[in-house]
Amino acid sequence: MNYSKLLKKAQKGNDQAFLTLIDQEKEKLYRIAFTYVKNETDALDIVQETIYKAYTSISSLKEAAYFSTWLTRILINSSLDFIRKNNKVIPIEQESLERIESHQIAFSEDKLDLLHAIDQLEEKYKTAVLLRFYQDLSVKQIAKILECPEGTVKTNLHRAINKLRTTFKEVCINE
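Please read all numbers here as calculations on a predicted model, not as lab measurements. (Residues numbered from 1 in each chain as written. Predicted model: local features only at pLDDT ≥ 70, side-chain atom pairs only at ≥ 80, totals over all residues. Heavy atoms only, no water.)

1. Here we look at helix H8 (residues 139–146)
Let me state the cut-off plainly: Between buried and exposed lies partly exposed: a residue is buried under 20% and exposed over 50% of the maximum accessible area for its type, with that area taken using a 1.4 Å probe on protein chains only. Going along the chain from the N terminus, every DSSP run of H or I of four or more residues is numbered as a helix, and every run of E of two or more is numbered as a strand. For this quantity, the arc is that covered by the directions from the helix axis to the C-beta atoms.
Among the residues making up H8, those that are buried are Val139, Ile142, Ala143 and Ile145. Angularly, the buried residues of H8 cover 165° about the axis, an arc narrow enough to put them on a single face. Just downstream of H8 lies Glu147, where phi reads positive at about 55°.

2. With respect to the pattern of salt bridges
Defined as follows: Salt bridges, as used here, are contacts in which a Lys or Arg side-chain nitrogen is within 4 Å of a carboxyl oxygen on Asp or Glu.
Counted by the stated rule, this structure contains 5 salt bridges. Between Lys26 and Asp23 there is a salt bridge; the shortest N-O distance is 2.6 Å. Note that Lys26 and Asp23 are positioned in helix H2 (residues 15–37) at a spacing of 3 residues, about one turn of the helix. Between Glu122 and Lys163 there is a salt bridge; the shortest N-O distance is 3.9 Å. Within this pair, whereas Glu122 is found in the loop between helix H6 (109–119) and helix H7 (123–134), its partner Lys163 is found in helix H9 (residues 150–174), the two being separated by 41 residues in sequence. Judged by relative accessible area, which is 43%, Glu122 ranks as partly exposed.

3. Comments concerning the packing of aromatic side chains
The condition is simple: Any pair of Phe, Tyr and Trp rings, taking the six-membered ring for Trp, is counted once the centres come within 6.5 Å. Such a pair is stacked with planes under 30 degrees apart, edge-to-face with planes over 60 apart, and tilted for the rest. Each ring is checked for a lysine NZ or an arginine CZ that lies within 6 Å of its centre and within 35 degrees of its normal; such an atom marks a charge sitting over the ring.
In the structure shown here, the tally under the stated rule is 3 aromatic pairs. Measuring from centroid to centroid gives 5.2 Å for Phe18 and Tyr55, while their planes differ by 70°, and the two rings are edge-to-face. With Phe18 in helix H2 and Tyr55 in helix H3 (residues 40–57), this residue pair connects regions lying 37 residues apart in the sequence. Look at Phe18 and you get buried, because its relative accessible area is 4%. The ring of Phe133 has Arg132 lying over it, and the distance from NZ or CZ to the ring centre is 5.9 Å.

4. Section: the packing of helix H1 (residues 3–11) against H2
In plain terms, the rule: Between N-to-C directions, angles cover 0 to 180 degrees, with each direction set by a line fitted to C-alpha atoms, over the stretch in contact for helices. Oblique is the label for any angle not under 35 degrees, not over 145, and not in the 65 to 115 range, which are roughly parallel, roughly antiparallel and roughly perpendicular in turn. We call a crossing left-handed when the near helix sits turned anticlockwise from the far one by less than a right angle, and right-handed when that turn is clockwise. The contact criterion used is simple: two residues touch if any of their non-hydrogen atoms lie within 4.5 Å. Following the grouping adopted for this structure description, the nonpolar residues are Ala, Val, Leu, Ile, Met, Phe, Trp, Tyr, Cys and Pro, the charged ones are Asp, Glu, Lys and Arg, and the polar ones are all others, Gly among them.
Interaxial distance between H1 and H2 falls to 7 Å at its minimum, and their mutual angle equals 130°. Between H1 and H2, the crossing angle belongs to the class labelled oblique. The handedness of the crossing between H1 and H2 comes out as left-handed. Here Tyr3, Leu6, Leu7, Lys9 and Ala10 of H1 come into contact with H2, specifically with Ala17, Phe18, Thr20, Leu21, Gln24 and Glu25. When grouped by side-chain class, the residues that make up the contact of H1 with H2 number 7 nonpolar, 2 polar and 2 charged.

5. Digging into the confidence of the model for the protein
Threshold: Residue-level confidence of the predictor is what pLDDT reports, using numbers from 0 through 100.
Within the protein, residue pLDDT values average 80, and 81% of them lie at 70 or more. Element-level mean pLDDT values for the protein span from 49 in helix H5 (residues 94–102) up to 92 in H3. Note on residues 100–108: pLDDT under 50 across the span, and 6 contacts to partners over four residues away in sequence or across chains.

6. Side note on the nonpolar core
Across soluble globular proteins, you tend to see nonpolar side chains buried next to one another. The condition is simple: For the purposes of this section, nonpolar cores are sets of buried Ala, Val, Leu, Ile, Met, Phe, Trp, Tyr and Cys residues that join through side-chain atoms within 4.5 Å.
Core analysis: the largest hydrophobic core is formed by 45 residues, its most contacted members being Tyr36 and Phe67. Looking at this core, the elements that each hand over two or more residues are H1, H2, H3, helix H4 (67–86), H6, H7, H8 and H9. Residues contacting Phe67, with those up to four places away along its chain left out, are Tyr3, Leu7, Leu21, Ile22, Glu25, Ile58 and Leu61.

7. With respect to H7
Here is the rule: Helix span, as expected, comes to 1.5 Å for every residue beyond the first.
Counted at 1.5 Å a residue, the expected span for H7 with its 12 residues is 16 Å, and the 15 Å between its end C-alpha atoms agrees. Taken together, the buried positions of H7 are Tyr125, Lys126, Thr127, Ala128, Val129, Leu130 and Leu131.

8. So, the side chain of Thr72
We count it as follows: Here a polar contact is taken to be a pair of N or O atoms separated by no more than 3.5 Å, where protein atoms must pair a possible hydrogen donor with a possible acceptor and residues adjacent in sequence count only if both atoms sit in side chains.
For Thr72, the position within the fold is in helix H4. Among the polar contacts listed, one links the side chain of Thr72 to the side chain of Lys28, at a separation of 3.2 Å. Ignoring anything within four residues of it in the chain, the contact list for Thr72 reads Lys28, Ile32, Leu131 and Ile145.

Structure representation (structure tokens):
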């Protein structure tokens, strides 16, 4: 069954159709949330809140083709709200590293350094980088999600990459 039919059913109150739509997106939602908060429990809470918000406002979505984009936008806003409310800028600490190892995710030191550097970027740059390189979305898709012009997305990506290059040049020089 395609998105259009499922969305129409979900908008009419069919819970099973809504769950089917969410089921197709849940792993992506978790990955994005975890990238923002670096904590499994908090990421699950954010995903749960996102699903609730989507459920209560599904009737506002006009086109089925934008369901994934719409849902991702809700998740990003929920993640940023969570960070602001809890004033959490969580550096990668020993506890986080142990949790990553316990989930059998094989990160090299370079990848951890990159994740830490991305985490230090301003929110607009961080969001653009995560959506482009971790979710493999196009500039056009990112612009729709963030509700901004494609040129702004390109500029934010360019600036983020330059900041990351500068950060890694400094690390290489200091070692």
